[in-house]
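Understanding the architecture of this molecule
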Amino acid sequence: MTRKNLEDLFDEIVENRVERHYECLVEDRSQYVIEVKNSTSQVVRSLYVMDSGHVAPGDDKINDWILPGQVDWFKEVAPNYAYLNNNLFFLHIPLPEYLRGKENILSGELREPNQLISTSRINTGLFSELFFSKQIYGVFCGHNHQNNAEILWEGIHLFYGMFSGKEAKAGDLRGIRYIDLGLDSDEVRSECVFYGDL
């Protein structure tokens, strides 16, 4: 199945879906914005969601990279939310800047045994655009199942989600990352909760 096939299947099965703003396909990858509104229906936060791919072209089977067209999409959409502070960005494969900032851990741990942080080999400049937009509080990724750290790099918080699936190697590290957004303030709180602590 293509990624578009999966999107179509999702739309067919799931009834309660959020409204996707500025949705765009770039070479079969979807990106869109979820608007968070307060009690008076004012948009107070934007959540950018981007498909970071799976496996890069070629025989090496390395992590895919963000496509230049996806970076262009963010550059085009971001000015619409420039008046907001502390917007969030979600993708699966960590950006190369996670590796650059790995010494500045604010909370959690990097416990992935093989490659502590496995990013794409090609950096197409998405983080730079996030930085210069001056509206992104944090980036949330997954991919490295045993990592749950919060890293600070150039003023942007780089979060790992927690692994919640059935993979045996995760051991007791399964859990959730909780994100609390203040609707009447710019506050963002996020922490990891292990299943045993729920």
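Residues numbered from 1 in each chain as written. Predicted model: local features only at pLDDT ≥ 70, side-chain atom pairs only at ≥ 80, totals over all residues. Heavy atoms only, no water.

1. As for the nonpolar core
- Among the nonpolar cores identified, the biggest contains 29 residues, and Tyr 48 and Val 139 are the most heavily contacted of them.
- Secondary-structure elements contributing two or more residues to this core are strand 3 (43–50), helix 2 (68–77), helix 4 (126–133), strand 6 (136–141) and strand 8 (156–160).
- It is helix 2 that provides the largest number of residues to this core, a total of four residues.
- Listed in part, the 11 residues of the second largest apolar core include Ile 34, Val 44, Val 49 and Val 188. (Core = buried A, V, L, I, M, F, W, Y, C linked by side-chain atoms within 4.5 Å. Buried < 20%, exposed > 50% of the residue type's maximum accessible area, 1.4 Å probe, protein only. Helix = DSSP H or I, 4+ residues; strand = E, 2+ residues; numbered from the N terminus.)

2. What to know about the pairing of strand 1 (residues 21–26)
- Looking at chain direction, strand 1 and strand 2 (residues 29–37) are connected through four bridges and run antiparallel. Bridge assignment links Val 26 to a residue of strand 2, and that residue is Arg 29.
- Once strand 1 ends, the chain turns through two residues before running back antiparallel as strand 2, passing Glu 27 with a positive phi of about 50°. (Pairing = 2+ DSSP bridges.)

3. What to know about the sheet that holds strand 8
- Strands sit in the order 1-2-3-4-6-8-7-5 across an open sheet of eight strands; the sheet is mixed. Of all strands in the sheet, those bounded by a partner on one side alone are strand 1 and strand 5 (105–107). Pairs of neighbouring strands in the sheet enclose a mean axial angle of 20°, with direction left out of account. (Axes fitted to C-alpha atoms, helices over the stretch in contact; angles between N-to-C directions.)

4. Quick word on the state of the cysteines
- Scanning the model with the defined rule gives zero disulfides in all.
- Between Cys 141, a free cysteine, and Cys 192, which holds the nearest cysteine sulfur, the sulfur-to-sulfur gap is 11 Å. (Disulfide = S-S within 2.5 Å.)

5. Overview of the pattern of salt bridges
- Considering all chains together, one arrives at seven salt bridges under this definition.
- A salt bridge links Arg 111 to Glu 109, with the shortest nitrogen-to-oxygen separation between them at 3.5 Å.
- Overall, Arg 111 belongs to the partly exposed group, its relative accessible area being 40%.
- Relative accessible area serves as the criterion here: at 41%, Glu 109 is assigned to the partly exposed category.
- Overlapping salt bridges bring together Glu 7, Arg 20 and Glu 23 as one network. (Salt bridge = Lys/Arg side-chain N within 4 Å of Asp/Glu carboxyl O.)

6. Considerations on the pairing of strand 6
- Most of strand 6 is tucked away, with six of its six residues classed as buried.
- Here strand 4 (residues 87–90) runs beside strand 6; their pairing, made up of four bridges, is parallel. Across the sheet, the residue bridging to Phe 90 is Phe 140, located in strand 6.
- The pairing of strand 6 with strand 8 spans four bridges and is classified as parallel. Residue pairing across strands places Val 139 opposite Leu 158, the latter belonging to strand 8.

7. Examining the environment of Ser 190
- Turning to its location among the elements, Ser 190 is positioned in strand 10 (residues 188–194).
- For the pair formed by Ser 190 and Val 26, sequence separation is 164 residues and the distance between their alpha carbons is 30 Å.
- Within the structure, Ser 190 has its side chain in polar contact with the side chain of Arg 177 (distance 2.9 Å). (Polar contact = N/O pair within 3.5 Å; in protein donor to acceptor, adjacent residues only side chain to side chain.)

8. Examining the packing of helix 2 against helix 4
- Following both chains from N to C, one finds helix 2 and helix 4 inclined at 10°, their axes separated by 9 Å at the closest point. Between helix 2 and helix 4, the angle is such that the two are roughly parallel. In this structure, helix 2 uses Val 71, Phe 74 and Lys 75 to contact helix 4, whose residues at the interface are Leu 126, Glu 129, Leu 130 and Ser 133.
- Taken together, the residues of the contact of helix 2 with helix 4 break down into four nonpolar, one polar and two charged. (Parallel < 35°, antiparallel > 145°, perpendicular 65-115°, else oblique. Contact = heavy atoms within 4.5 Å. Nonpolar A, V, L, I, M, F, W, Y, C, P; charged D, E, K, R; others polar.)

9. Remarks on unusual backbone geometry
- Non-glycine residue Tyr 22 carries a positive phi angle of around 55°.
- Mapping Tyr 22 onto the fold places it in strand 1.
- A relative accessible area of 39% means that Tyr 22 is categorised as partly exposed.
- Phi angles above zero are rare outside glycine, and Asn 86 is one such case at about 60°.
- Of note, Asn 86 is situated in the loop between helix 2 and strand 4.

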